[in-house]
Amino acid sequence: MKILMVCLGNICRSPIAEGVMQHIVREQGLDWQVDSAGTNNYHTGESPHRSAQKVCRQYGIDISHQRARQFRSSDFDTYDHILVMAADVYDDVSRLAPSETALRKVHFFLDSLSPGEQASVPDPWYGDESGYAPVFDLIQRSCNAWLTFFTGNTPIFNRG
């Protein structure tokens, strides 16, 4: 399975989601590809935000190797599931969908916790470092729920 996490700049939410999901699938022994991208090119080539790296590192997840990249229409061919962090991201990704079939690959990331609500993951970029821990918690819960949805397995990575 190939999963792509998408946010706006690819330095906060989606890198955290990529790191958490990679950690979970590795612990489950699954051979999945997990990546992330942003709809904008503001930060292309940059490492994840230092606060995103810090909160992940606190739980044994190293995302320092990741580099921001922009979402491209060819991602629809590469990935089985495209999980978006917010409504504006959904809109940007949807505009690039080459077909209805491709568009069916796109889901709101938090639909795993609140199906159909189209809820957004708060963007910690707009606050201080304290905003990253609650976002990490939310992302971790949603990644576990996606794993359960995709496999039927019980998630094993729980913070706390």
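What you are looking at is a predicted structure, and each value in this text was computed from that prediction instead of being measured.

Undergrad: Would you take a moment to explain the packing of aromatic side chains for this structure?
TA: Each aromatic ring pair is summarised here by two numbers: the centre-to-centre distance and the angle between the ring planes. Per the stated rule, a full pass over the model turns up seven aromatic pairs. Ring centres 5.5 Å apart and planes at 90° place the aromatic pair Phe71 and Phe76 in the edge-to-face group. When its relative accessible area of 5% is taken as the criterion, Phe71 is described as buried. Where Tyr90 meets Phe108, the ring centres are 5.1 Å apart and the plane angle is 20°; that geometry is what we call stacked. One end of the pair, Tyr90, is in helix H4 (residues 87-96); the other, Phe108, is in strand E4 (residues 106-108), and 18 residues separate them in sequence. The class for Tyr90 is partly exposed, based on a relative accessible area of 22%. Through a chain of ring-to-ring contacts, the aromatic side chains of Trp32, Trp146, Phe149 and Phe150 assemble into a single cluster.

Undergrad: Is there a simple way to explain the pairing of strand E3 (residues 81-84) in this structure?
TA: For a regular strand, the rule is simple: side chains alternate between the two faces of the sheet. What you see with E3 is no split at all: His81 and Leu83 on one side and Ile82 and Val84 on the other are buried throughout. Pairing of strand E1 (residues 2-7) with E3 involves four bridges; the strand directions are parallel. Residue pairing for E3: Leu4 is matched across the bridge by Ile82. As paired elements, E3 and E4 share three bridges and run parallel to each other. Within E4, the residue paired with Ile82 across the bridge is Val106.

Undergrad: Even after reading the chapter, I still don't get the sheet that holds E1, so can you show me in this structure?
TA: Pairing between the strands of a sheet is mediated by backbone hydrogen bonds and can be parallel or antiparallel. Ordered in space as E2-E1-E3-E4, the four strands form an open sheet in which the pairing is parallel. Here the strands that pair on one side only, and so sit at the sheet edges, are strand E2 (33-38) and E4. Averaged over all adjacent pairs, the angle separating strand axes in this sheet is 25°, with direction ignored. Seen against the sheet, helix H1 (residues 13-28) touches E1 and E2 and runs at an angle of roughly 175° to E2.

Undergrad: Would you take a moment to explain the environment of Asp35 for this structure?
TA: Looking at the secondary structure, you find Asp35 in strand E2. Residues Asp35 and Gly19, 16 residues apart in the sequence, show an inter-C-alpha distance of 8.5 Å. Look past the residues within four positions of Asp35 in its chain and what remains in contact with it is Ile3, Leu4, Met5, Glu18, Arg69 and Tyr79.

Undergrad: Is there a simple way to think about the confidence of the model for the protein in this case?
TA: Any segment with low pLDDT has predicted coordinates that should not be analysed in fine detail. Mean pLDDT for the protein: 93, with 95% of residues reaching 70 or above. The model gives residues 155-160 a pLDDT under 50, and that stretch makes 22 contacts with residues more than four places away or in other chains.

Undergrad: Help me understand the state of the cysteines, please; the structure alone is not making it clear to me.
TA: By definition, a disulfide links two cysteine residues through a covalent bond between their sulfur atoms. Applying the stated criterion across every chain, the model contains zero disulfides. Sulfur of Cys12: no disulfide; nearest cysteine sulfur belongs to Cys7 and is 6.8 Å away. The class of Cys12 is buried, set by a relative accessible area of 4%. The thiol sulfur of Cys143 is not disulfide-bonded, and the nearest other cysteine sulfur, from Cys56, lies at 9.9 Å. Judged by its relative accessible area of 0%, Cys143 is buried.

Undergrad: Looking at this structure, how should I read the pattern of salt bridges?
TA: Close approach of charged atoms lets side chains of opposite charge pair. Counted according to the given criterion, the structure contains five salt bridges. Taking the shortest distance from any N to any O, the salt bridge between Glu129 and Lys54 comes out at 2.7 Å. With Glu129 in the loop between E4 and helix H6 (132-151) and Lys54 in helix H2 (residues 50-57), this residue pair connects regions lying 75 residues apart in the sequence. On the accessibility criterion, Lys54 (35% relative accessible area) is partly exposed. Ionic pairing is found between Asp92 and Arg95, a salt bridge with its closest N-O pair at 2.4 Å. With Asp92 and Arg95 both in helix H4 and three residues apart, the pair spans about one turn of that helix. Residues joined in a network through salt bridges with shared partners are Asp35, Arg69 and Asp75.

What counts as what
- Residues numbered from 1 in each chain as written.
- Predicted model: local features only at pLDDT ≥ 70, side-chain atom pairs only at ≥ 80, totals over all residues.
- Heavy atoms only, no water.
- Phe/Tyr/Trp six-rings, centres within 6.5 Å; stacked < 30°, edge-to-face > 60°.
- Buried < 20%, exposed > 50% of the residue type's maximum accessible area, 1.4 Å probe, protein only.
- Helix = DSSP H or I, 4+ residues; strand = E, 2+ residues; numbered from the N terminus.
- Pairing = 2+ DSSP bridges.
- Axes fitted to C-alpha atoms, helices over the stretch in contact; angles between N-to-C directions.
- Contact = heavy atoms within 4.5 Å.
- pLDDT = per-residue confidence, 0-100.
- Disulfide = S-S within 2.5 Å.
- Salt bridge = Lys/Arg side-chain N within 4 Å of Asp/Glu carboxyl O.

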